[in-house]
Amino acid sequence: MFTTFIGWAGALLMLGGCTFALTLGGKQEKTGATAYLLCWFFSTLTRLGIDNNQAASLVILLLDTSLLITFSALVWKSPNNWPVWATACQLLVVTLQFLYVIDFKPPVSAYITIVNFTALGIIISLIVGTFSAWQERAVIGSTRNDIGRYS
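Anyway, here's the lowdown on the structure attached to this text. (Residues numbered from 1 in each chain as written. Predicted model: local features only at pLDDT ≥ 70, side-chain atom pairs only at ≥ 80, totals over all residues. Heavy atoms only, no water.)

**Some words on unusual backbone geometry**
The phi dihedral of Asp103 is positive, around 65°, even though this residue is not glycine. If you trace the backbone, Asp103 turns up in the loop between α4 (82–101) and α5 (108–140). (Helix = DSSP H or I, 4+ residues; strand = E, 2+ residues; numbered from the N terminus.)

**A look at the packing of aromatic side chains**
Applying the stated rule across the entire model yields five aromatic pairs. Aromatic side chains Phe20 and Trp134 sit 6.1 Å apart centroid to centroid with 90° between the ring planes, which places their arrangement in the edge-to-face category. Linking Phe20 in helix α1 (residues 2–24) with Trp134 in helix α5, this pair joins segments that are 114 residues apart in sequence. Between Phe131 and Trp134, the ring centres sit 5.7 Å apart and the planes meet at 75°, which makes this aromatic pair edge-to-face. Remark: Trp134 and Phe131 occur in helix α5; sequence separation between them is three residues, near one turn of the helix. Taking the relative accessible area as the measure of exposure, Trp134 reaches 32% and is therefore partly exposed. Feature note: the residues Phe20, Phe131 and Trp134 constitute an aromatic cluster, connected by ring pairs. (Phe/Tyr/Trp six-rings, centres within 6.5 Å; stacked < 30°, edge-to-face > 60°. Buried < 20%, exposed > 50% of the residue type's maximum accessible area, 1.4 Å probe, protein only.)

**Things to note about a nonpolar patch on the surface**
A cluster of nonpolar side chains, namely Leu15, Leu38, Trp40, Phe41, Phe42 and Leu45, defines an oily patch on the protein surface of about 550 Å² accessible area. For the nonpolar patch, the leading source of residues is helix α2 (residues 27–49), giving five residues. Inspection of the secondary structure puts Trp40 in helix α2. Its relative accessible area of 37% is what places Trp40 among the partly exposed residues. (Patch = residues over 30% accessible without salt bridge, like charges linked within 9 Å, V, L, I, M, F, W, Y side chains within 5 Å. Areas by Shrake-Rupley, 256 points an atom, 1.4 Å probe, with all protein chains shown as cover. Salt bridge = Lys/Arg side-chain N within 4 Å of Asp/Glu carboxyl O.)

**Side note on the packing of α4 against α5**
Put simply, α4 and α5 touch, their axes get as near as 8 Å, and they point 160° apart. With respect to their mutual orientation, α4 and α5 come out roughly antiparallel. Between α4 and α5 lies a crossing of left-handed hand. Residues Trp82, Trp85, Ala86, Cys89, Gln90, Leu92, Val93, Leu96, Gln97 and Tyr100 of α4 form the contact with α5, whose participating residues are Val108, Tyr111, Ile114, Val115, Thr118, Gly121, Ile122, Ser125, Leu126 and Gly129. The class makeup of the residues in the contact of α4 with α5 is 14 nonpolar, six polar and no charged. (Axes fitted to C-alpha atoms, helices over the stretch in contact; angles between N-to-C directions. Parallel < 35°, antiparallel > 145°, perpendicular 65-115°, else oblique. Left-handed = near helix turned anticlockwise from the far one by under 90°. Contact = heavy atoms within 4.5 Å. Nonpolar A, V, L, I, M, F, W, Y, C, P; charged D, E, K, R; others polar.)

**Some details on helix α3 (residues 53–77)**
Under the 1.5 Å per step criterion, the end-to-end length of α3 is 36 Å for 25 residues, consistent within 8% with the ideal 36 Å. Of the surrounding secondary structure, the elements contacted by the buried residues of α3 are α2, α4 and α5. (Expected span 1.5 Å × (residues − 1).)

**Things to note about the side chain of Gln97**
Of note, Gln97 is situated in helix α4. Excluding anything up to four places from it in sequence, Gln97 contacts Ser57, Ile60, Leu61, Asp64 and Tyr111.

**A closer look at the environment of Ala21**
Relative to the elements of secondary structure, Ala21 occurs in helix α1. Taking the relative accessible area as the measure of exposure, Ala21 reaches 0% and is therefore buried. For the pair Ala21 and Thr34, spaced 13 residues apart in sequence, the C-alpha to C-alpha distance is 9.0 Å. Sequence-distant contacts of Ala21, that is, excluding residues within four places in its chain, are made with Glu29, Lys30, Ala33, Leu126 and Thr130.

**Thoughts on α4**
A rise of 1.5 Å per residue sets the reference length of α4, with its 20 residues, at 28 Å; its end C-alpha atoms lie 29 Å apart and thus fit the reference within 8%. Of the positions making up α4, those classed as buried are Trp82, Pro83, Ala86, Thr87, Cys89, Gln90, Val93, Val94, Leu96, Gln97, Tyr100 and Val101. Those residues of α4 that are buried are in contact with α2, α3 and α5. Within two residues after α4, Asp103 carries a phi angle of roughly 65°, on the positive side.

In structure tokens, the structure reads:
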């Protein structure tokens, strides 16, 4: 019961954070949210559609690596800090997936913990980056009188 609640809460946080990034974020935030949602969607389809666990792990490793490359490109081109944190979290996931592909399997509890905490870290960094970009655009697009008396 409790784990089901945590799963639903995590899914709602992910969808809410990505929706927030897609509606109010800048170009980098929209790219990051789109890539994250696409990789999540395709990895879910992979887990449902492939019965062979080794083949599914390889496909998910490729999806996670593509997300890592996307976040790395955002670090390279973005003046913001959130892609650095998202890349660091995604690098942990790719390392863990690589360990599973080469049959050096850590305990299942370690796998679940790392995947959940890194997903939470990526979503939080995306939300913080979106909020920062949204506020910067709001300040640039307004006049001094719109901002407030003491700004």
